[in-house]
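Given next are the chains, with one letter for each unit.
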Amino acid sequence: MKLSVLKNAGPDTVTYYVGDNVEHVKHLQNCTLICKSGFDPQLEDVNLIHVEDPQLYFYELSHHVEDIYKFDVNDKPIVGQNVEIGPGCVIGQNVTIGDNTQIGANTVIYANTNIGSNVRIDSNVTIGTAGMMWVWNGKDRVFLQQLGGVTIEDGCIIGSGCVIVRGSANEITKVGAYTNMAPGCCVGHGTLIGESVHFANNVTVGGGARISSYTFLGSAAVVNAGMHITADDVVIGAGCVVTKNIVESGIYAGVPGKKIKETSVKMSGLPKWNR
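In this text, all values refer to a predicted model and were calculated from it rather than measured experimentally.

S.K.: Quick question: what am I supposed to make of the overall build of the protein here?
M.R.: Looking only at helices and strands, the protein features one helix and 32 strands. Taking 275 residues into account, the globule formula puts the C-alpha radius of gyration at 19 Å, and the protein, at 20 Å, falls close to it. When the accessible surface of the protein is summed, it comes to about 13300 Å², and 48% of that surface belongs to carbon and sulfur atoms.

S.K.: Is there a simple way to think about the nonpolar core in this case?
M.R.: Buried together is how nonpolar side chains tend to be arranged in soluble globular proteins. Among the nonpolar cores identified, the biggest contains 40 residues, and M181, F199, V223 and I236 are the most heavily contacted of them. The set of elements that each furnish at least two residues to this core consists of β16 (149-152) and β29 (234-236). Those residues in contact with F199, other than ones at most four positions away along the chain, are T179, N180, M181, A182, C185, V187, I193, V205 and L217. Listed in part, the 20 residues of the second largest apolar core include I34, F58, Y59 and I68.

S.K.: Sorry if this is basic, but what is going on with the state of the cysteines here?
M.R.: The bond known as a disulfide is covalent and runs between the sulfur atoms of two cysteines. Per the counting criterion, the structure on display carries zero disulfides. In this structure C35 is a free cysteine whose sulfur lies 11 Å from that of C31, the closest cysteine sulfur available. For the unlinked cysteine C89, the closest cysteine sulfur is that of C162, found at 15 Å.

S.K.: I'm lost on the side chain of T15 in this one. Help?
M.R.: With respect to the helices and strands, T15 occurs in strand β2 (residues 13-16). Within the structure, T15 has its side chain in polar contact with the backbone oxygen of S4 (distance 2.9 Å). If we ignore the near neighbours within four places in the chain, the residues touching T15 are S4, V5, L6, A9, L28, T32, L33, I34 and F58.

S.K.: Help me understand unusual backbone geometry, please; the structure alone is not making it clear to me.
M.R.: Residues V255 and P256 are joined by a peptide bond in cis, for which omega reads -5 degrees. Structurally, the position occupied by P256 is in the loop between β31 (250-253) and β32 (258-261). The phi angle at D45 is positive, at roughly 65 degrees, despite the residue not being glycine.

S.K.: Before we go on, may I ask you to explain the pattern of salt bridges in this structure?
M.R.: A pair can form between side chains of opposite charge whenever their charged atoms are brought close. This model, assessed by the stated rule, comprises five salt bridges. For the salt bridge of K7 with E171, the shortest nitrogen-to-oxygen distance reads 3.9 Å. Note that K7 is positioned in the loop between β1 (2-3) and β2 and E171 in the loop between β18 (163-165) and β19 (172-175), a separation of 164 residues in sequence. Owing to a relative accessible area of 47%, K7 belongs among the partly exposed residues under this scheme. For E23, the salt bridge identified is with K26, shortest N-O distance 2.7 Å. When its relative accessible area of 53% is taken as the criterion, K26 is described as exposed.

S.K.: Can you walk me through helix α1 (residues 54-62) in this structure?
M.R.: The periodicity of an α-helix, 3.6 residues per turn, causes residues three or four positions apart to be oriented the same way. Those residues of α1 lying buried are P54, L56, F58, Y59, L61 and S62. As for α1, its buried residues are in contact with β1, β2, β3 (31-36), β4 (46-51), β14 (134-136) and β15 (141-143).

S.K.: Please explain the sheet that holds strand β10 (residues 108-109) as it appears in this structure.
M.R.: Pairing between the strands of a sheet is mediated by backbone hydrogen bonds and can be parallel or antiparallel. Ordered by their spatial adjacency, eight strands build an open sheet running β7-β10-β13-β18-β21-β24-β27-β30, and the pairing between neighbours is parallel. Single-partner strands in this sheet number two, and they are β7 (90-91) and β30 (241-242). With three bridges connecting them, strand β13 (residues 126-129) and β18 associate as parallel partners. For T129, the partnering residue across the bridge sits in β18 and is V165.

Conventions used here
- Residues numbered from 1 in each chain as written.
- Predicted model: local features only at pLDDT ≥ 70, side-chain atom pairs only at ≥ 80, totals over all residues.
- Heavy atoms only, no water.
- Helix = DSSP H or I, 4+ residues; strand = E, 2+ residues; numbered from the N terminus.
- Rg over C-alpha atoms; globule rule 2.2 N^0.38 Å.
- Areas by Shrake-Rupley, 256 points an atom, 1.4 Å probe, with all protein chains shown as cover.
- Core = buried A, V, L, I, M, F, W, Y, C linked by side-chain atoms within 4.5 Å.
- Buried < 20%, exposed > 50% of the residue type's maximum accessible area, 1.4 Å probe, protein only.
- Contact = heavy atoms within 4.5 Å.
- Disulfide = S-S within 2.5 Å.
- Polar contact = N/O pair within 3.5 Å; in protein donor to acceptor, adjacent residues only side chain to side chain.
- Salt bridge = Lys/Arg side-chain N within 4 Å of Asp/Glu carboxyl O.
- Pairing = 2+ DSSP bridges.

Shown next as structure tokens:
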């Protein structure tokens with residue numbers, strides 16, 4: 001059984017949908033859709049399971065999938081040439097590490113993680129941990145058993161103490177090439193980060209966010225779950241909280257974040273202007 005988030009659902013997968021808009025599910029083919037009673041999108045080759053609470057049903061179903069995220073002494077990563085792995089590191093199943101990559105002491109890398117070449121991961125980093133997604137069943141919290149992975153592309157630097165959450169179901173959390181994360185950053189499940197993004201200290205990005213290439217995020221900035229930064233030349237100031245999608249270039253500051261001025265080609269120390 002292969003569980004899938006709705007947008008990624010392909011043949012022979014199981015996904016869920018809580019709404020009633022046929023447009024949201026018309027891309028589905030040859031899969032199983034868990035949905036509310038009375039919802040019938042009339043999709044060819046899609047098996048419907050009607051339940052009162054599709055999300056709860058899906059979360060409960062996730063606990064019947066084999067858990068490959070537990071560590072075993074026999075787990076061996078696929079390692080390229082000239083790789084350095086520090087003392088105390090723990091690495092799970094299906095992990096690949098590219099050439100000339102350095103991994104600092106006491107770092108934990110969960111299953112289904114792909115790390116590119118020329119990457120530097122400092123000490124005490126956690127890559128691929130599970131997030132805290134849950135629903136209420138009337139008596140208890142039911143957590144989603146997250147079954148995705150993480151991809152860190154070539155040339156990235158991940159500072160000490162950073163945490164990168166793996167994707168839900170068949171999602172991938174991606175850190176684009178040459179992205180830098182200063183110590184203490186946290187990236188939520190299924191977030192897609194472009195190339196050459198700069199994270200200052202203690203930046204937090206919620207699950208499902210999108211960060212365009214060359215974005216600069218100042219210290220302690222927060223990007224709420226599901227928010228998309230799609231414009232070029234975006235600077236998020238220190239302590240700024242992004243609560244809406246950003247589709248225009250510029251410098252954003254405040255809580256909630258608002259555009260305060262245009263970016264300048266003379267700004268130094270930022271990803272794009274320094275290339």
